[in-house]
Structures are given as structure tokens and as C-alpha cells.
Amino acid sequence: MNQFSGYLIVLVVSAGITFGFAHLARRVGVKYGLHPPIRERDVHQTPTPRLGGVAMFIGILVAFGVAWQLPFFDLVFADPEPVLAILGAALFIVGIGVADDLWDLDWMIKLAAQFMAAGLVAWLGVQIYSLPIGGLTVGSSWVSFSMTVFAIVLVMNAINFVDGLDGLVAGVAVIANTVFFVYTQLLVTSTGASDYFNLASLIAAILVGACLGFLPLNWHPARLFMGDAGALLVGLLMATSAAAVTGQVDPAALGRTQLLPAFIPILLPFAILVVPLADFVLAVLRRLRAGKSPFSADRMHLHHRLLDLGHSQVHAVLIFYGWTVVISVGCLAFFAAPTWLAVLFVSVGVVTCTAFTLLPIGRRRRADRLAQRVAAGTEGAPGSALYDRLDEASGQRDPEAPVSGDTLDTLDSLAKKDQHP
């Protein structure tokens, strides 16, 4: 078995099992009405089951079982305690997530459960024993334990906060974990195989498979959501794989002389999570400034802002994908490619993503100018300047506002010219 055959096998198993059980979870959810009522902050308008996290966990569990039987992963399972701790924590957090999806638990209960799951991983599984900055050693076992727990809880909440659009978390996780898998393989090549690097690679491959198996049912319009169970599970495994590598590698041993690559082991885990972490930090600051709990719900997340800007759900999700690719791949490129190429990739990517992110602003201004011209030409026809196609797309337009027929015809003509120049 070559270097990648084992990972490909567990990825395919994880994807296949998740896909099959996702269909089953959807049928069970629809048959028994296992879906919460639509909330004010929700983007979807049709009640949809949130049991996707259960299907993902089953796929991940089976994939780990298959990996346990493959000789290629003997190094990982030579000490099975970390793997069992990770799976035990995953089972616990999925159970709490399902309960929250069905009965909307208090945020303090959910947070306590997250700390318990993270504590199990750090106690019996994986800890950050050193920081990858010149091999800086963590001061004590208690500091190492606390740092690992808080890091895992932070990532779980960041992933859960950004889970608001069809296909968003699953797609971002596929991109991020693929990049992280490539990074761990580069570390294995540079420093030699180790149980930590292989454990991180195995987690990343299995998680990519689970998200790929779930994504077909979660793409817009979604027929199944992963819910808190799935989002917390994804966050738990991503944080665990990052901790397994970040706390064990000394950049000085990688044979690179540039300054930036020496920080890649600690930058990359944040780079692949930059979008969820940014949304999490902004949400916490926003709510604390308003005198609310940092875990209180609102409709001001980054994906909500993209929708309000005028993007459709699919466009907003693709923009998130684009930013994740640019930042994570760009960060990895500084380690694996010439510096000039990495700078070029990041520069072009940032400009492109920024342009697509802000595209509706220009379209909105053109529509506003046209509406004003139409209003002037029709001597202030009632409602002629009140129609904005982008407002309608983002749900901001008052459906009761009058719209003149001339305005609709003119704007439709403009839209056709924009689509077919």
C-alpha cells in the first residue's frame, strides 16, 4: 500500500457511509417531524431536518474502524488511547448537539459540554506541549491542558457560528482539511513519519470524506442540515488535528531558512479557519458591546451581511469558499513554494475575492441611478423609484411597496443587458 492509498480508502468509506446515512437521517427527520421551527434569523423558509451531524459521525466512526484494520495505520493505533478519547469526545458532543437541535438547550449547558469534550481529548488524547516558534516549550502540564481545551472550544464555536447557509460549513471544511492534509504530508516528508503527523492526516482525510458525503444533501436548496451536532463535530476534529501537529513540530527541524515558513505551523491552523474565526470574534464583540451574552443569536453574521449586500445564497457560499482557498492555500504556499509565487497567488486572490464580494455595491448604484432616471421620465410615477432588484434578492424590499410597470420593464431590460453584454 503506497503513501496515499490508505488515506483514499478511509476518505471513500467516510464519504459513502455518510452519504447513505444522510439520506436515512433525512427520511427519519421528515417522517417524524424532527426539525425545529424556523427562527427569525434563519435564511431557509422550509422546515428542514438537522440530523446530518449524526450521519457524519457514523461515517467518521466506520472510517476509523476501517483504518484500524489497515496495516498502513499501525503507527497511529499503536497507542489507541488518543483515538478512543477523540471518538468518545465526538460521541458526547454529537449527542449534545442533537439535543440542542431538537430542544434548543441553554447556551451555558452547550458551553459546559464543549469544555467537557475538549477536556476529554486533552486529558487522554492530544495536547499542545510546545509552540512552533523556535520550539518554545509550554510551561507546565496544566498550562498545556488549559491551552488545548480553550483552543478546541474556540474552534468548535467558530465553526458553529458560521453555519448559516446551505453547504457553507461542509465546503469550507473540505477546503481547509484538504490543505491541512497536504501540509501534514509535507511534514512527514520533511521530518519522517510520526504518530502525531499521521493521526492529523488521518483525521483530516476522514473529515474531508464525511463532508463530501454530506454536501450533496446540504447544497442549496438543502434537504438536510448538519445542525449543531455536525458543526461542533467538525470543529472538534479540526481543532484536534491542528493541535496534534502544531504542538509537536519544531520549524527549526524543517530545514528552511526563511522567517515566514518558521511560523507556518502556527499560522496555518488559523489560516484554514480564518473565516469562521473572524465571524466568531466579530459576533462576540458585537454582542458584548450591546450588553448581551456572546452566545445570544442575531442576524448579523458575515453570511447575513453578504445576503443583505445583494448576494444570493449560492454566491455568498462561493465567496466564502474563495476566501478560504486564498488564505489557506496562500499560507501553505509560503512553506511549499517560492516566496514570489506565494505572494503573487495571495495578491491576485485577495483582489479577485474582494471584487466579487463588493460586486453588488456597483450593481446597486447602477440600479438606483436607473430608478431615479425612470422616476424623472415618468413624472414621479407612484413607486417607480422604490424597486431595487438587489433589495428583493436580499429580502429587504417591502413586498407591499407599489412598483410601476414601466419601471419593471426598464429594469428587466437592464438586467438582460448585464447578463448578456
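Residues numbered from 1 in each chain as written. Predicted model: local features only at pLDDT ≥ 70, side-chain atom pairs only at ≥ 80, totals over all residues. Heavy atoms only, no water.

If you look the protein chain up in an unreviewed UniProt entry, it shows as UDP-GlcNAc:undecaprenyl-phosphate GlcNAc-1-phosphate transferase from Plantibacter elymi. Quoted verbatim from the Subcellular location (unreviewed entry) heading of the UniProt record, the comment on the protein chain is "Cell membrane". (UniProt positions renumbered as here; feature names shortened; annotations may be inferred.)

Caption draft 1: Quick peek at the overall build of the protein chain. Summing up its helical and strand segments, the protein chain has 16 helices and two strands in all. Counting over 421 residues, the protein chain shows a buried share of 50%. The contacts of the protein chain with a sequence gap of at least 6 include a subset with a gap of at least 24, amounting to 74%. When the accessible area of the protein chain is evaluated, it comes to approximately 19100 Å², of which 66% is carbon and sulfur surface. (Helix = DSSP H or I, 4+ residues; strand = E, 2+ residues; numbered from the N terminus. Buried < 20%, exposed > 50% of the residue type's maximum accessible area, 1.4 Å probe, protein only. Contact = heavy atoms within 4.5 Å. Areas by Shrake-Rupley, 256 points an atom, 1.4 Å probe, with all protein chains shown as cover.)

Caption draft 2: Representation of the pattern of salt bridges. Scanning the model with the defined rule gives two salt bridges in all. The shortest N-O distance in the salt bridge between Lys 110 and Asp 100 comes to 3.4 Å. Linking Lys 110 in helix 5 (residues 107-125) with Asp 100 in helix 4 (residues 81-103), this pair joins segments that are ten residues apart in sequence. On the accessibility criterion, Lys 110 (17% relative accessible area) is buried. The class for Asp 100 is buried, based on a relative accessible area of 7%. Here Lys 110 ties to Asp 228 by a salt bridge, and the two come within 3.8 Å at their closest N and O atoms. In this pair, Lys 110 sits in helix 5 while Asp 228 sits in helix 9 (residues 227-246), placing the two residues 118 residues apart along the sequence. (Salt bridge = Lys/Arg side-chain N within 4 Å of Asp/Glu carboxyl O.)

Caption draft 3: Inspection of the environment of Leu 277 at higher detail. By the secondary structure assignment, Leu 277 is in helix 11 (residues 274-289). Taking relative accessible area as the criterion, Leu 277 reaches 12% and is therefore assigned buried. Through-space distance from the C-alpha of Leu 277 to that of Met 156 is 9.9 Å; in sequence the pair is 121 residues apart.

Caption draft 4: Region of the structure containing a nonpolar patch on the surface. A surface patch of nonpolar side chains, amounting to about 370 Å² of accessible area, comprises Phe 21, Leu 24, Val 28 and Tyr 32. The residue Tyr 32 is located in the loop between helix 1 (5-31) and helix 2 (52-69) in this model. (Patch = residues over 30% accessible without salt bridge, like charges linked within 9 Å, V, L, I, M, F, W, Y side chains within 5 Å.)

Caption draft 5: Representation of the confidence of the model for the protein chain within the structure. Predicted confidence across the protein chain gives a mean pLDDT of 79, with 72% of residues reaching 70 or more. Segment residues 254-263: pLDDT under 50, and 18 contacts once partners within four positions in sequence are set aside and those in other chains are kept. Predicted confidence for residues 401-408 stays below pLDDT 50, and this span has 15 contacts to residues more than four positions away or in other chains. (pLDDT = per-residue confidence, 0-100.)

Caption draft 6: Up close: unusual backbone geometry. In this chain, His 220 is followed by Pro 221 through a cis amide linkage whose omega measures -5 degrees. Backbone geometry at Asp 104 places phi at a positive 55 degrees, although glycine is not the residue there.

Caption draft 7: The side chain of Ser 146, seen in detail. One can find Ser 146 in helix 6 (residues 141-162). Taking the relative accessible area as the measure of exposure, Ser 146 reaches 18% and is therefore buried. A distance of 2.9 Å separates a polar side-chain atom of Ser 146 from the backbone oxygen of Trp 142. (Polar contact = N/O pair within 3.5 Å; in protein donor to acceptor, adjacent residues only side chain to side chain.)

Caption draft 8: Representation of the packing of helix 2 against helix 4 within the structure. At a minimum axis separation of 10 Å, helix 2 and helix 4 run at an interaxial angle of 170 degrees. For the element pair helix 2 / helix 4, the angle class is roughly antiparallel. The chirality of how helix 2 crosses helix 4 is left-handed. Together, Gly 53, Val 54, Phe 57, Leu 61, Phe 64 and Trp 68 of helix 2 and Val 83, Leu 84, Leu 87, Ala 90, Leu 91, Val 94 and Val 98 of helix 4 make up the contact between the two elements. Classifying every residue of the contact of helix 2 with helix 4 by side-chain character gives twelve nonpolar, one polar and no charged. (Axes fitted to C-alpha atoms, helices over the stretch in contact; angles between N-to-C directions. Parallel < 35°, antiparallel > 145°, perpendicular 65-115°, else oblique. Left-handed = near helix turned anticlockwise from the far one by under 90°. Nonpolar A, V, L, I, M, F, W, Y, C, P; charged D, E, K, R; others polar.)

Caption draft 9: Representation of the packing of aromatic side chains. For the structure on display, the rule yields ten aromatic pairs. Between Phe 180 and Tyr 183 the ring centres are 6.1 Å apart and the planes differ by 50 degrees, which places this aromatic pair in the tilted class. Here the residue Phe 180 and the residue Tyr 183 both occupy positions in helix 7 (residues 168-191), the gap between them amounting to three residues, near one helical turn. Using a relative accessible area of 0% as the deciding quantity, one classes Tyr 183 as buried. Here a set of aromatic residues connected by ring pairs shows up, and it is made of Phe 4, Tyr 7, Phe 72, Phe 73 and Phe 181. (Phe/Tyr/Trp six-rings, centres within 6.5 Å; stacked < 30°, edge-to-face > 60°.)

Caption draft 10: Spotlight on the packing of helix 5 against helix 6. Helix 6 packs onto helix 5 with a crossing angle of 130 degrees between their chain directions and a minimal axis gap of 9 Å. Judged on the interaxial angle alone, helix 6 and helix 5 are oblique. Every pair of crossing elements has a handedness; the one defined by helix 5 and helix 6 is right-handed. In this structure, helix 5 contributes Leu 111, Gln 114, Phe 115, Ala 118, Gly 119, Val 121, Ala 122 and Trp 123 to the contact, and helix 6 contributes Phe 145, Thr 148, Val 149, Phe 150, Ile 152, Val 153, Met 156 and Asn 157. Tallied by class, the residues present in the contact of helix 5 with helix 6 amount to twelve nonpolar, four polar and no charged.

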